[in-house]
Amino acid sequence: MSRPRRALAVVGRWLLGTGLVTWRYIWETTPLHRAECRGDEEDRPPQLRRDAIDDRVLLVSDGYGPMFHRRFRVCIAEADLDARQLMDRVVRDFEHFVPSEVVAVHVGEVGTGGGPDVGDELLVEMPGPWNGPVRIANRDNASLTLVTLRGHLEAGQVCFRARDDGDLLVFEIELWARSSGRLTHLLYTHLRLSKEVQLNMWVRFCLAAVTTSGGRLVDGVHISTRWLAETTKDVDGQRSRPIRT
């Protein structure tokens, strides 16, 4: 198949997947508080554990186009779970939190009875032509960090965390990512297709956290997006490798 025809086929499959995923988003009545602006040096991703990085890992510096730093946050009142218990549920039953349009989450070999741990891998089946292979780069009582692997549509990392704040339980998803290539850059940055799919997916993940906690949502979902323009600088400082242009 020629490159233009392949690109059209990819976009067609992505549009179909996008339609399925965004149907509920169109009818979502939860208040979404969105803010977007240019970022600065403070938006660069945190360091990952060295033992979590190998040649299969896609760091932010391996990506294409601008880097997006996004944060999704919900505050939960009257929760039955505390932060540690909620994060334990996220780690042990990740598939429970993703939208049903994401077909499945496959977990590789797990070495302990405590659920997936650092170094274990998950495959998130996504709508469209890409799946989402990731590896657990860090796990503790308050957070879970995943890093993308080759074959993912993005290059970067995502952190799930929960904390108790007085009478409230706060759950956040924070990610730092660039597109993994030119086509995904087109779909994300210019056509905004995958960007909206991603937003819908993480909003739904946050709302699932609210439901799982047994509490009630306070003041909707807060979404912050900050971006850094494309650069040839190693944005994560963890691997000396040219950024593809």
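Rules behind the numbers
Residues numbered from 1 in each chain as written. Predicted model: local features only at pLDDT ≥ 70, side-chain atom pairs only at ≥ 80, totals over all residues. Heavy atoms only, no water. Helix = DSSP H or I, 4+ residues; strand = E, 2+ residues; numbered from the N terminus. Buried < 20%, exposed > 50% of the residue type's maximum accessible area, 1.4 Å probe, protein only. Polar contact = N/O pair within 3.5 Å; in protein donor to acceptor, adjacent residues only side chain to side chain. Pairing = 2+ DSSP bridges. Phe/Tyr/Trp six-rings, centres within 6.5 Å; stacked < 30°, edge-to-face > 60°. Contact = heavy atoms within 4.5 Å. Arc of directions from axis to C-beta. Core = buried A, V, L, I, M, F, W, Y, C linked by side-chain atoms within 4.5 Å. Salt bridge = Lys/Arg side-chain N within 4 Å of Asp/Glu carboxyl O.

Asker: Residues and numbers for the side chain of His 152, please.
Answerer: Among the secondary structure elements, His 152 is positioned in the loop between β6 (143–148) and β7 (154–165). With relative accessibility at 10%, the residue His 152 sits in the buried group. At 3.0 Å, the side chain of His 152 and the backbone nitrogen of Glu 154 are in polar contact.

Asker: Explain the pairing of β6 to me, using residue names and the numbers behind them.
Answerer: Extensive coverage of β6 is indicated by the burial of six of its six residues. Adjacent in sequence and paired antiparallel, strand β5 (residues 131–139) and β6 are bridged by three residues. Pairing analysis gives five bridges linking β6 to β7, with the strands arranged antiparallel. Residue Leu 146 lies in a different strand from β7, and its bridge partner there is Val 158. Counted between consecutive antiparallel strands, the loop separating β6 from β7 contains five residues, among which Gly 151 sits at a positive phi close to 105°.

Asker: Lay out the packing of aromatic side chains with the relevant residues and their values.
Answerer: This model, assessed by the stated rule, comprises seven aromatic pairs. Aromatic pair Phe 160 and Trp 202: ring centres 5.5 Å apart, planes at 70°, arrangement edge-to-face. Within this pair, whereas Phe 160 is found in strand β7, its partner Trp 202 is found in helix α4 (residues 193–213), the two being separated by 42 residues in sequence. Residue class for Trp 202 comes out buried when judged on its relative accessible area of 10%.

Asker: Describe the environment of Arg 71, naming the residues involved and giving the relevant values.
Answerer: Tracing the backbone shows Arg 71 in strand β2 (residues 64–77). The exposure class of Arg 71 is partly exposed, given its relative accessible area of 28%. Sequence separation between Arg 71 and Phe 160 is 89 residues, and the spatial gap between their C-alpha atoms is 9.9 Å. In contact with Arg 71, not counting residues within four places along its chain, are Glu 172, Ile 173, Glu 174, His 222, Ile 223 and Ser 224. At a separation of 2.7 Å, a polar atom in the side chain of Arg 71 contacts the side chain of Glu 174.

Asker: A description of helix α2 (residues 83–92) should follow, citing residues and the corresponding values.
Answerer: For α2, the set of buried residues is Ala 83, Leu 86, Met 87, Val 90 and Val 91. Considered in projection along α2, the buried side chains sweep an arc of 140° and stay on one side of the axis. By the N-cap criterion, in which a side-chain oxygen at the helix start approaches the backbone nitrogen of a residue two or three places on, α2 is capped by Asp 82, the distance to Arg 84 being 3.2 Å.

Asker: If you had to explain the nonpolar core to someone new, which residues and values would you point to?
Answerer: Phe 94, Phe 160, Phe 171 and Phe 205 are the most contacted members of the largest nonpolar core, which has 38 residues in total. The element that contributes the greatest number of residues to this core is α4, accounting for ten residues. Residues within four places of Phe 205 in sequence aside, it is in contact with Val 90, Phe 94, Phe 97, Val 98, Phe 160, Phe 171 and Ile 173.

Asker: Residue-level account of the environment of Asp 80, with values.
Answerer: In this structure, Asp 80 sits in the loop between β2 and α2. Sequence separation between Asp 80 and Gly 214 is 134 residues; the distance between their C-alpha atoms is 5.2 Å.

Asker: Hey, could you go over the pattern of salt bridges for me, with residue numbers and the actual values?
Answerer: The full count for this structure, using the stated rule, is 14 salt bridges. The residue Asp 43 makes a salt bridge to Arg 226 at a minimum N-O spacing of 2.8 Å. With Asp 43 in the loop between β1 (32–38) and β2 and Arg 226 in strand β9 (residues 216–228), this residue pair connects regions lying 183 residues apart in the sequence. Overall, Asp 43 belongs to the buried group, its relative accessible area being 4%. Taking relative accessible area as the criterion, Arg 226 reaches 23% and is therefore assigned partly exposed. A salt bridge links Asp 54 to Arg 135; the nearest nitrogen and oxygen atoms lie 3.1 Å apart. Of this pair, Asp 54 sits in the loop between β1 and β2 while Arg 135 sits in strand β5, and the two are 81 residues apart along the sequence. Looking at Asp 54, the relative accessible area reads 31%, which means it is partly exposed.

Note that every value here comes from positions in space, so none of it alone points to a role or purpose.
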